[in-house]
Amino acid sequence: MQYTKPIRYIDPLKDLGKGLLQVEKPGRYVGGEYGRLAKPAADLRLLIAFPDLYEIGMSNQALKILYNRLNELAGVSCDRAFAPAPDFEALLRSRGLPLYGLDTGICLGDLDLLLFTLGYELGITGVLSMLEAGAIPLRASARTEEHPVVIMGGPCVSNPLPYAPFIDAFWIGEAEGGFFSLVQSLCALKKTGLKRSALLEQLCGHPAVWTPGKGKAKRALDRAFSFREASPALFPVPSMKVVQHHGAVEIMRGCPHGCRFCHAGYWYRPMRQKSAETIEAEVDACIRRGGYREISLSSLSSGDYQYLEQLVDALHSAYGPEQVSFQLPSLRVSTFSLPLLEKIAAVRKSGLTFAVETPVDAWQLSINKEVSRDTVAAIIQEARQRGWRGAKFYFMIGLPIGKPRSLEIEEEVAIVDAIRDIARRTGMHFTINVGTFVPKPHTPYQGASQMDEDTARRKLDYIRSRLKGEGHKVGVQDPFMSTLEGLISRGDERVGGLIEEAYTRGCRLDAWNEHIRQDIWRALFEEHSALIQEIQRPQRALPLPWHGIESGVAPPYMNRELRQGESCKATAPCSEACTHPCGICDTDTAISKNQRVPERLPHPKGPPKTQEGPTWRILFAFSKQGTAVFHPYLALREVFAMAMTRAGIPVLYSQGFNPQPKLEIAAPLAVGIQGDAEIAAIDTASFFSAQAFTQALSPQLPEGLSLGEAIHILIPWGVKKHSLASLLWGYTYQAPQGDIDQVKAGEEKQYRLNREGDLWGLRRRGVWAKGRTDPQSPASYFTVYREVYRF
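Being a predicted model, the structure only gives us computed values, none of them experimental.

### Re the environment of Asp11
Note that Asp11 resides in the segment before helix H1 (12-15). Residue class for Asp11 comes out partly exposed when judged on its relative accessible area of 30%. In this structure, the C-alpha to C-alpha distance between Asp11 and Leu634, residues 623 residues apart in sequence, is 26 Å. Side-chain polar atoms of Asp11 contact the backbone nitrogen of Leu13, separated by 3.1 Å.

Right, here's the structure in full:
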């Protein structure tokens, strides 16, 4: 007989109700975003779990790739969940409710597979909080057939040992390298009625899956990255502001430069570039289907993309007139081009960023990175002449650099001297960020010692005290956080015990300064000081804890690079004519570059409308119900702006540093209050009928927002443009008991206060304008606009 697992679902509006108003940013926990993909019913139920807050997780490209690709598979449903903040975790506990998926409401404990992606070691206590909140035993050994199989992937699992006590199986490498086909095979097994143990057995048989006791696992590699058709990971589109609120198109994976400290540079070898055609198609999808007006062309070293300037030219000519801007977040100084940056900044101005790492040229060679001081100063001097006013520098202390005897100078002194010298040459002040080097597995420095916290703090204090008084902004990473990161990144199963103890004592969201409990971790450090010192000192003894994970880079190459660094010698970047093979390339795997020069095309819609001439304005009403009541005012503006981009509405934008759509909402509505007939207006660059506006925009709105009446207004040139706020009279409110109250605009705050903070169930039934004949009386905005502009 086929086994059927009972499934439980949570409806946050019904099951948590007004309790949501007691937590910070309740929009994190209600879902309802545009573009949700999880199926309500499926043969195999998955959930991708991100062990940090919503606004971090929804900025993560790996999560979006997994979510979009898994939901394309027949018979598979993949939901999403994020680590709860302590206040929401307490709310769930007080109600006796488990953590749930945002799309379908499925409880984590009722899944078939629970997938964690871990991109930062300090997220591990978030993993444990999600397991416990989901009613899943923390220890893998305590789980039964009733629990989901817990899988973890991401760059942190290049050393899975510290996490092994809590995870059933680890996917090593890139998901595109076989994980999706593996899920399809698991779905087929599940359809036959097989239970958890059979799914786990199938998982463990894959060469890219590691489990304790298995021995070896080989990193999966996406060999089709450069040749796959466009498959943008767009959905869902967040309804609240997230950390990186822009579209992302990965133009290149891997990096040709072998910076010896860089885990990502080694872990994602070899360099693979997407074709220009694929990038153009994915950018277009980000704008037309996602609604984004800021697009990040992401990679580890964007300047190495072949024909990058021509690509930027083509994209800017096509989308710049629509106020779409592009970002290049990772430009090496050796590939820097101010004309390129000016093209990028044509719509929205960005800053200059220099990841220098270490300030002495010989030390640069030691880490295999060339960012000479003279080059940086020359770039900044030219940038200042072109109107740039600031720059940001990144440095690291504690790097295991080779130091020739002729350069006996402390690194903190060298950093201060370098900034002073560049500031003297350029006449500018800078923003400087300094962190402490953390040795990582699968890099040439994997066995290096890590600087202790006291020494790091002394050096960072020196840099900050010397430079802040000279007009520079100096930010430093807390060296305790670096110590903790290093402990986890190079630890073994014993560190897993420390992690569990820290979590049990109260640690949560350790990546956040406001949440980390340093007192708990420090107490554990004292109790286990021998283990901490063992991990921090040089790890030359073989095998290293992560020896069972094969990255594809040969150990002899790692040793060669370590010796090159000690001798302050550089290694040339990877190329097709390789003279120093690392072992990653073979008959099926090689460096690949874009081969087409992108052509600059004129924008099909013509030049943007200027601010002169008549104004085309659409006045519209909308309702805000259900999950949408948790969208704050600024998030609501962004929701409408993105929806209008998807709808193809020719929105008019403001001028200046950061163009914004000329959208006005008459009166912001407090979080948690329903609105039946809110009022807003949008100016358009050309005629767009109210009927076409409603038809185009309605299907692009997220759950809980719907349009009501809409009219089109032509405001002649020279005629006063009345803002919605200037016409505002007040509101009609309906209390949960059914009472109707008329509230004038200036009295709304006091009206809400009189309700003693209980806003749940309160409805704003209408937003009213001042009457034309009697300004003391309420009137419909639509009536007033018709009268004012003789509609």
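### Some details on the state of the cysteines
Tallied over the full model, the rule gives zero disulfides. With no disulfide partner, Cys262 has as its closest neighbouring cysteine sulfur the one in Cys259, 6.1 Å distant. According to the relative accessible area criterion, Cys262 is partly exposed, its value standing at 24%. Not engaged in a disulfide, the cysteine Cys568 finds its nearest cysteine sulfur in Cys259; these two sulfurs lie 15 Å apart.

### Quick notes on the packing of aromatic side chains
Per the stated rule, a full pass over the model turns up 22 aromatic pairs. Each ring, one from Phe620 and one from Phe640, has its centre 5.7 Å from the other, and the planes form 65°; the classification is edge-to-face. Residue Phe620 is located in strand S18 (residues 615-624), and its partner Phe640 is located in helix H21 (residues 633-647); the two are separated by 20 residues in the primary sequence. No difference in accessibility class separates Phe620 from Phe640, as the two residues are buried.

### As for the sheet that holds strand S14 (residues 391-397)
Taken in spatial order, the four strands of this open sheet run S13-S14-S15-S16, and their pairing is parallel. Two strands bound the open sheet, and with one partner strand each, they are strand S13 (352-357) and strand S16 (473-476). This sheet shows a mean twist of 20° between the axes of neighbouring strands, independent of strand direction. In this sheet, S16 lies alongside strand S15 (residues 431-436) in parallel orientation, the contact comprising four bridges.

### Overview of the sheet that holds strand S12 (residues 325-327)
The strand order across the open sheet formed by three strands is S8-S11-S12, and the pairing between neighbours is parallel. The open sheet has two free edges, formed respectively by strand S8 (247-250) and S12, since each of these has just one partner strand. Taken over all neighbouring pairs, the strand axes of this sheet differ in orientation by 25° on average, direction set aside. Pairing analysis gives three bridges linking strand S11 (residues 294-298) to S12, with the strands arranged parallel. By the bridge assignment, Ser296 is partnered in S12 with Gln327.

### Notes on helix H20 (residues 555-566)
For H20, built from 12 residues, the straight-helix expectation of 16 Å at 1.5 Å per residue is met to within 8% by its first-to-last C-alpha distance of 17 Å. Within the span of H20, buried status applies to Tyr557, Met558, Glu561, Leu562, Gln564 and Gly565. With its buried residues spanning 160° around the axis, H20 presents them on a single face. The exposed residues of H20 that point more than 90 degrees off its buried face are Pro555, Pro556 and Arg563. Here the buried face of H20 lies against helix H8 (263-267) and helix H12 (361-366). Where H20 terminates, the next one or two residues include Cys568, which has phi positive at roughly 55°.

Calculation notes
Residues numbered from 1 in each chain as written. Predicted model: local features only at pLDDT ≥ 70, side-chain atom pairs only at ≥ 80, totals over all residues. Heavy atoms only, no water. Helix = DSSP H or I, 4+ residues; strand = E, 2+ residues; numbered from the N terminus. Buried < 20%, exposed > 50% of the residue type's maximum accessible area, 1.4 Å probe, protein only. Polar contact = N/O pair within 3.5 Å; in protein donor to acceptor, adjacent residues only side chain to side chain. Disulfide = S-S within 2.5 Å. Phe/Tyr/Trp six-rings, centres within 6.5 Å; stacked < 30°, edge-to-face > 60°. Pairing = 2+ DSSP bridges. Axes fitted to C-alpha atoms, helices over the stretch in contact; angles between N-to-C directions. Expected span 1.5 Å × (residues − 1). Arc of directions from axis to C-beta. Contact = heavy atoms within 4.5 Å.

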